[in-house]
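Structural description and commentary
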Amino acid sequence: MPRYNGGFIGTDGLDAPDAPTIGTPSAGSAQADIAFTAGAAGTTATTEFVATTNDGIGATGTSSPITITGLTNGTSYTARVYAKNSHGTSAASAASASFTPLAEVISSLFSTHLYTGNSSTRTITNDINLSGKGGLVWIKDRDSSSNSNILYDTERGAYKGLFSNLTNAEDTRSTGLTGFTSSGFTLGSLGAENGSSNDKVSWTWRKQAKYFDIVTYTGNGTAGRTISHNLGSIPGMIMIKQYQAGEARSWSVYHRGMDSSAPEDYYMRLETTGARSDDVGQWNDTAPTSSVFTVGDSTYVNSNGESYVAYLFAHNNNDGGFGPDGEDIIKCGSFTGVGTGAVNVNLGFEPQWIMVKNATRSEGWFIQDSMRGMAHGDWEYLLANEISAAAGSATNRVVPTATGFTINNNGSSAFGQSGDTCIYVAIRRPDQSTPTAGTSVFQAHTYTGDGSTRKYSLNITPDMVINLSRNISGDSPSINDRVRGSGKEMYTSGTGGQASYPSQGLQLDHTNAIEVQDYRDTNTKNYLNLCWKRAKGYFDIVAYSGTGSNRTVTHNLGAAPEMMWIKRYDTTGSWMVYHKGLNGGTNPEQYVFYLHDPQGPDQSSGPWNNTAPTSSVFSVGTNNAVNNSSGEYVAYLFATVAGVSKVGSYTSTIDATGNGTNQTIDCGFTNGARFVFIKRSDGAGDWVIFDSTRGITTNSDPHYRLNQTYTEDSDAYVDIEPHSSGFIVNPGSVHVGGDTQGQTYVFYAIA
């Protein structure tokens, strides 16, 4: 690559351009866009700009920004820019602010965004840079069977929709999707895209090597024509549509899983249920490569003079290189149907979005995502080939796991009779980055009920919510999570299995919001929602089926869990808690707490098989509460992230005379704890929680006890105080600060 020493001036340097003014660099994966403003030209026009990093890696261009490639992810750089004309080179600009290229993560490349239409112009913010990088937006009305699946892309431009369930040519929709932005897209008032009161889903793909690309081309009618692309890897799936006005042609789909030896011989139609067909006219029986795909002479892919768009989806095979750990984020594969029973598909990651199609039989293109409901116990699906509204059932057919997904087929041909070939596209869950601020992964939200159904805006999209009735005696704290599905509650004060309230409880199928219904919205009563978002090293949720034998369970926390809550949810079972501070931190895997019970820990090998959890698995023994052969379980995993969360322990300051002093618990925070959870670890004591939304002050603060059905309380002896590094515990209470010498406590805090 070119390197520039910079700073050289021609002999007639007075005629060189003035130095550019440096802007703010924008770093990507192994590259950065260096923005600048040109200075005054010299005697002759400026012909070139040179951008160079502090270690001499550079690039040239004729305008701002200039993209410097070949950078090392994780390394900090600065840059300067020079201007050149025929007489010489300007002085260097000032050095830029430092920037650090990082591998792309899935959250900047794909989004499932849920919204409710309002029939007015609006901006959808999903943090996908479409205007700068390009991409595809796919919108479907979840409530209406009158609105098609609509696809917009940056290559054809705003206003121009295609329909995955129709053969229609491109439709100009002046009040549909009206623009692409650096963080999403804009909408007009058109009903299918933004009709009033209807719930919508948008799926967005950003262009990126080894992930997704878009190509437009004009057909020439010649079989064997090659079309160049920038996917940088062999496509796993290609969807092509002729979009020229006045022509109605079917979609053509290539998928690497259609045949085990020659998938390039086959195609399917996106707008129909049809099985795979053999036709040399589609792909000229030629496999795509990392730089081109080949089309035949079929009018569906290559009619002379007609316009086509191709959407290319990569297939990562341990070569994705995304995120700080260089992971795969997209898979295009296949599985063999079994008729009735389970098929386990190993992706190497937990998916957030899956499309499945039986290639052997006439069945639909099923689309599921974790935002709408791809959970253990229920599902919501849409069909790419139909105009129909979202549908589903209480029994999920596609269940995500920590390493892929399971097909639970009840004999339906949609997911494969015995021997059928079914293809899929799967996209990784967005958990690749370690959080840097507690506010990005936790929120405490209070509200007063009015007996209706309401949606509250949040700063995060929660994956788990603990709902507390602050002034309703006898009402237990409830836990809802995205993995088990909306409206499914478990109660921390008891051992019962989950209760299902699909039209009365909390609904999580919203972006940056939560919906509360009458059961959690009693008129004039006060409530608290404690909301967690899954993130690497911070918090994870795993659902699994018991085996009755000692085993390990794979998780995606990306760190060894320091606290775990496990609950059997299909029937009665104790809340089992692991905490690294048990037994003073020595062999804590030999001990267990019970979240529903104030008693102290028990020593037992049954729950954790005397095995400490690791960064990839946790162990369960033969205890029925964690691993009955017919049981269904959910595990909540917590860990310390520097400056964000802290799992720890402390000992009371009470001395032999019964006196003690306030104790500062240093969590490594800078602005104090916003949430604190404390339990005595050497004897009986309630599971007490505090949060700064209700108040962590120097006065008596409201607290709640997860193992009780009491209303919230303010007790001077059960109290903590704020401190910039974490929090302060006050002596005098067995539940928090101690009332006897030597009492020990475990805690969990969030900044």
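This text follows the structure it describes.
Attention in this report is confined to the structure presented alongside it. (Residues numbered from 1 in each chain as written. Predicted model: local features only at pLDDT ≥ 70, side-chain atom pairs only at ≥ 80, totals over all residues. Heavy atoms only, no water.)

Below, the discussion takes up the overall build of the chain. Counting its regular elements, the chain contains five helices and 61 strands. By the compact-globule yardstick of 27 Å for 751 residues, the chain fits well, its C-alpha radius of gyration being 29 Å. Along the three orthogonal principal directions, the C-alpha set of the chain runs to about 90 × 75 × 50 Å. Taking all 751 residues of the chain together, the buried fraction comes to 57%. Excluding contacts between residues fewer than 6 apart, the proportion of contacts in the chain whose partners are at least 24 apart in sequence is 64%. When the accessible surface of the chain is summed, it comes to about 26000 Å², and 43% of that surface belongs to carbon and sulfur atoms. The chain carries 48 positive and 67 negative side-chain charges, and their two centres are separated by 2 Å. (Helix = DSSP H or I, 4+ residues; strand = E, 2+ residues; numbered from the N terminus. Rg over C-alpha atoms; globule rule 2.2 N^0.38 Å. Buried < 20%, exposed > 50% of the residue type's maximum accessible area, 1.4 Å probe, protein only. Contact = heavy atoms within 4.5 Å. Areas by Shrake-Rupley, 256 points an atom, 1.4 Å probe, with all protein chains shown as cover. Lys, Arg positive; Asp, Glu negative; His and termini not counted. Charge placed at Lys NZ, Arg CZ, Asp CG, Glu CD.)

Here we come to the sheet that holds strand β28 (residues 340–346). Sheet architecture is open: three strands sit in the order β28-β34-β33, paired in antiparallel fashion. In the strand order of this sheet, the two ends are held by β28 and β33 (398–401), each with one partner. Across the sheet, the mean angle separating the axes of adjacent strands is 20 degrees when strand polarity is ignored. Examined bridge by bridge, β33 and strand β34 (residues 404–410) share four bridges and lie antiparallel to one another. (Pairing = 2+ DSSP bridges. Axes fitted to C-alpha atoms, helices over the stretch in contact; angles between N-to-C directions.)

By the secondary structure assignment, Ser388 is in the loop between β31 (379–383) and β32 (391–393). With residues up to four places along the chain from it excluded, the contact list for Ser388 reads Lys140, Ser144, Ser145, Leu382 and Leu383. A polar side-chain atom of Ser388 sits 3.0 Å from a polar atom in the side chain of Glu386. (Polar contact = N/O pair within 3.5 Å; in protein donor to acceptor, adjacent residues only side chain to side chain.)

This next bit is on the pattern of salt bridges. Scanning the entire structure with this criterion turns up 37 salt bridges. For Glu350, the salt bridge goes to Arg429, with nearest N and O atoms at 3.4 Å. Here Glu350 is found in the loop between β28 and β29 (351–358), whereas its partner Arg429 is found in the loop between β35 (421–428) and β36 (442–448), with 79 residues between them in sequence. A relative accessible area of 10% means that Glu350 is categorised as buried. Under the relative-accessibility criterion, Arg429 is labelled buried at 8%. (Salt bridge = Lys/Arg side-chain N within 4 Å of Asp/Glu carboxyl O.)

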